[in-house]
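Structure assessment
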Amino acid sequence: MGQVQEEHRTSPAAAEEAELLARLREGDERAFESLVESHHGRMIAVALNYVKTRDIAEEVVQEAWLGVLRGLDRFEGRSSLKTWILRILVNTAATRGGREGRSLPFSSLAPAGEESPAVEPERFRPPGEAFAGHWNSYPGDWTTLPEEALSGRETLAVVKRAIAELPESQRSVITMRDIAGCSADEVCETLEVSPGNQRVLLHRARSHVRAALERHLDD
Amino acid sequence: MTESDDHITCREVVELVTDYFEGKLPADEAELFEQHLNFCEGCAWYVEQMRATVTAVGRISEEDIPPKARERLLTAFRDWKR
């Protein structure tokens, strides 16, 4: 079973996924366990966009998995398993977040509106001067930093705080792309945003986190 | 859109970097972007900072599932199978 439905997706990843699905449907516990393990971290991260605490995020993820189990026999493989699971999660989390008054409808958060440059304009030479638009002074060379400067606990806390400060639309996109490891297409599909909007939101979000890291690392 | 068609400024580079990573810059702009990085150390470092940022954000997901949550899910899976 499953073979016929997935016939139109022929990549190795799709073949691997068809096999995983077959094992899940047969009730293979190991398959389910590894599926849960490989998705858990990213699902918590995504859920935290919609609910306030880690405990509630954990509950939401549990609820989403139950939804996955309920829908597994009907899953037809039109999207990837990962996209399908994330969509169930986002729906579950948004419902829960809505009850708690945290979440806003995504469509009301289009990226258009005030321009916020990635880097403060004062860091570049002003128009009319020689080398207008070029750096006043260069940003730091992070490639020479010791490994732990960018991976230490403190730095991770800076990154988390910077993401938490973002407007919801930007936070959702950076979470799905860079934490959950979704593709641009998967984000557009799950959050129902256009490819152009997705890139604008991702750009603003990453630029904001970079600026926070820069302030932290320059200290 | 860039302000000039034969070069781009550092101020433009910092706004184009995501489109560049995503492979969504038109070919001529991508070429200007890469030319700029070849002679501008500041922008080369900036682009590296953005790469490092993406890597740092990616580290957030390295969290394990609590054992109790795992047990509950496995129980649910066993029940589902029946």
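Now for a quick tour of the structure. (Residues numbered from 1 in each chain as written. Chains lettered and ligands numbered in written order. Predicted model: local features only at pLDDT ≥ 70, side-chain atom pairs only at ≥ 80, totals over all residues. Heavy atoms only, no water.)

1. A closer look at the overall build of chain B
Applied cut-off: For helices the rule is a DSSP run of H or I covering at least 4 residues; for strands it is a run of E covering at least 2, with both sets numbered from the N terminus onward. Only protein chains enter the accessibility calculation, which uses a 1.4 Å probe; a residue whose area is less than 20% of its type maximum is buried, one above 50% is exposed, and one in between is partly exposed. When checking whether two residues touch, look at their non-hydrogen atoms; a contact exists if any pair is within 4.5 Å. Each accessible area is a Shrake-Rupley result for a 1.4 Å probe, and residues are judged covered by the shown protein chains and nothing else.
Scanning chain B for helices and strands turns up four helices and zero strands. Ordered by position from the N terminus, the helices and strands of chain B form the series α-α-α-α. Burial analysis of chain B (82 residues in total) assigns 45% to the buried set. For chain B, restricting intrachain contacts to residue pairs at least 6 apart in sequence, the fraction spanning at least 24 positions comes to 48%. Working note: accessible area of chain B is about 4500 Å², and carbon and sulfur atoms make up 48% of it.

2. Brief notes about the interface of chain B and chain A
Operational definition: Using a 1.4 Å probe, buried area is obtained as the accessible area two parts lose upon being combined, added over both of them. For this document, the term salt bridge refers to a Lys or Arg side-chain nitrogen within 4 Å of an Asp or Glu carboxyl oxygen. Identification of polar contacts relies on pairs of N or O atoms within 3.5 Å, with a donor-acceptor requirement for protein atoms, meaning one able to donate a hydrogen and the other able to accept it, and with residues adjacent in sequence counted only if both atoms are side-chain atoms. For this classification, Asp, Glu, Lys and Arg are treated as charged, while Ala, Val, Leu, Ile, Met, Phe, Trp, Tyr, Cys and Pro are nonpolar and the rest, including Gly, are polar.
Of the residues lining the interface, 44 residues belong to chain B; the matching set on chain A comes to 58 residues. Between chain B and chain A lies a buried interface of about 4600 Å² when both sides are counted; carbon and sulfur atoms form 65% of it. Looking at the side of chain B facing chain A, the largest losses of area belong to B:Gln49, B:Phe77 and B:Trp80, adding up to 15% of the total buried there. Put simply, chain B and chain A have six salt bridges between them. For A:Arg199, the salt bridge goes to B:Asp19, with nearest N and O atoms at 3.0 Å. Across the contact surface, chain B and chain A share 19 residue pairs in polar contact (both at pLDDT 80 or more). If you tally residues by element for the side of chain B that touches chain A, the top one is helix 3 (residues 41-58) of chain B, at 14 residues. Residues belonging to the side of chain B that touches chain A are distributed by class as follows: 22 nonpolar, eight polar and 14 charged.

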